[in-house]
Amino acid sequence: VGAGSGVLSLLAARLGGAARVYAVEAAPGMASLARRLAAANGLDGVVHVVEGRAEEVELPEQVDVIISEWMGFYLLHESMLEAVLAARSRWLKPSGIMLPSSARIWAVIVEAEGLRMELESYQCLHGLDLSAVAEAELARRCRKPDVELLESQRLLAQPLVAWECNDFCNLRCGATAEVTAEL
């Protein structure tokens, strides 16, 4: 589900020994690339690229395994998990497995000296009070994910598990629409 270029599908066929792989991909250009890569690797008889949204396409049979790299920013932000759960409900055999089968979101307070200094620089510029710009910039930054690598010395506390799912095979569709955590 969300096969992209089909690399995971090719690996499932070549290294995983899958007899049949359905590589579901919504983007026509990526589906075409996946077909070309399957053919180039002699796996076009095993890897069948199905072009369309996972929620809408039809497969000829139920499957033993669903493999998808669905994770988005902060695991769930802009992720494809709901599409994967819909595919699971439609196609996965009762004894089937999902890969990945579990996930965690960790949270920790971090030092953000660079951001503080940037916002502080708006306070006064040649005698002008630009603090409203700092407020607007902080609000903008807080509206969307910001992914960065952190050195361990920037952690101000011990990381905590904020959200965890140990069994995607039984996670209810829509269960991640709103995630809250008490830390």
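Now for a look at the structure at hand. (Residues numbered from 1 in each chain as written. Predicted model: local features only at pLDDT ≥ 70, side-chain atom pairs only at ≥ 80, totals over all residues. Heavy atoms only, no water.)

### Considering the overall build of the protein chain
Within the protein chain, the regular secondary structure consists of 5 helices and 6 strands. Walking the protein chain from its N terminus toward its C terminus, one meets helices and strands in the order α-β-α-β-β-α-β-β-α-α-β. Scaling as 2.2 N^0.38, a compact globule of 183 residues should have a C-alpha radius of gyration of about 16 Å, whereas the protein chain reaches 22 Å, well beyond that. Considering only C-alpha atoms, the protein chain reaches an extent of 70 × 35 × 30 Å along its principal axes. The buried share among the 183 residues of the protein chain stands at 30%. Excluding contacts between residues fewer than 6 apart, the proportion of contacts in the protein chain whose partners are at least 24 apart in sequence is 73%. Element-wise, carbon and sulfur atoms account for 56% of the exposed surface of the protein chain, whose accessible area totals about 11,600 Å². A distance of 6 Å separates the average location of the 16 positive side-chain charges in the protein chain from that of its 25 negative side-chain charges. (Helix = DSSP H or I, 4+ residues; strand = E, 2+ residues; numbered from the N terminus. Rg over C-alpha atoms; globule rule 2.2 N^0.38 Å. Buried < 20%, exposed > 50% of the residue type's maximum accessible area, 1.4 Å probe, protein only. Contact = heavy atoms within 4.5 Å. Areas by Shrake-Rupley, 256 points an atom, 1.4 Å probe, with all protein chains shown as cover. Lys, Arg positive; Asp, Glu negative; His and termini not counted. Charge placed at Lys NZ, Arg CZ, Asp CG, Glu CD.)

### Some thoughts on the pattern of salt bridges
Overall, the coordinates contain 14 salt bridges when judged by the stated rule. Two residues, Arg140 and Glu137, come together in a salt bridge whose shortest N-O distance is 2.7 Å. With Arg140 and Glu137 both in helix 5 (residues 131-143) and 3 residues apart, the pair spans about one turn of that helix. Overall, Glu137 belongs to the buried group, its relative accessible area being 13%. Through salt bridges with shared partners, one network takes in Glu118, Glu137, Arg140 and Arg141. (Salt bridge = Lys/Arg side-chain N within 4 Å of Asp/Glu carboxyl O.)

### Notes on the environment of Asn166
As for its placement among the helices and strands, Asn166 is situated in the segment after strand 6 (160-165). With a relative accessible area of 57%, Asn166 lands in the exposed category. In this structure the C-alpha to C-alpha distance between Asn166 and His48, which are 118 residues apart in sequence, comes to 30 Å. Contacts of Asn166, omitting those with residues within four sequence positions, involve Ser101 and Ser102.

### Considering unusual backbone geometry
Cis peptide bonds are those with omega within 30 degrees of zero, and the linkage from Leu99 to Pro100 qualifies with -5 degrees. One can find Pro100 in the loop between strand 4 (92-99) and strand 5 (103-107). Notably, His126 is not glycine yet its phi reads approximately 50 degrees, a positive angle. Mapped onto the elements of the fold, His126 is located in the loop between helix 4 (113-120) and helix 5. Given the relative accessible area of 80%, His126 is considered exposed.

### Focus on the side chain of Arg154
Here Arg154 is to be found in the loop between helix 5 and strand 6. When near neighbours in sequence (up to four residues on either side) are disregarded, Arg154 contacts Ile109, Val110, Glu111, Ala112, Glu148 and Leu149.

### Description of the packing of helix 4 against helix 5
For the pair helix 4 and helix 5, the least separation of the axes is 9 Å and the interaxial angle reads 145 degrees. On helix 5, the residues touching Leu115, Glu118 and Leu119 of helix 4 are Ala134, Glu137, Leu138 and Arg141. By residue class, the composition of the contact of helix 4 with helix 5 is 4 nonpolar, no polar and 3 charged. (Axes fitted to C-alpha atoms, helices over the stretch in contact; angles between N-to-C directions. Nonpolar A, V, L, I, M, F, W, Y, C, P; charged D, E, K, R; others polar.)

### What about the packing of aromatic side chains?
Within the structure shown, the criterion is met by 1 aromatic pair. Measuring from centroid to centroid gives 5.3 Å for Trp70 and Phe168, while their planes differ by 85 degrees, and the two rings are edge-to-face. Placement of the pair is Trp70 in the loop between strand 3 (63-67) and helix 3 (81-91) and Phe168 in the segment after strand 6, with a sequence separation of 98 residues. Residues Trp70 and Phe168 agree in their burial class; the two are buried. (Phe/Tyr/Trp six-rings, centres within 6.5 Å; stacked < 30°, edge-to-face > 60°.)

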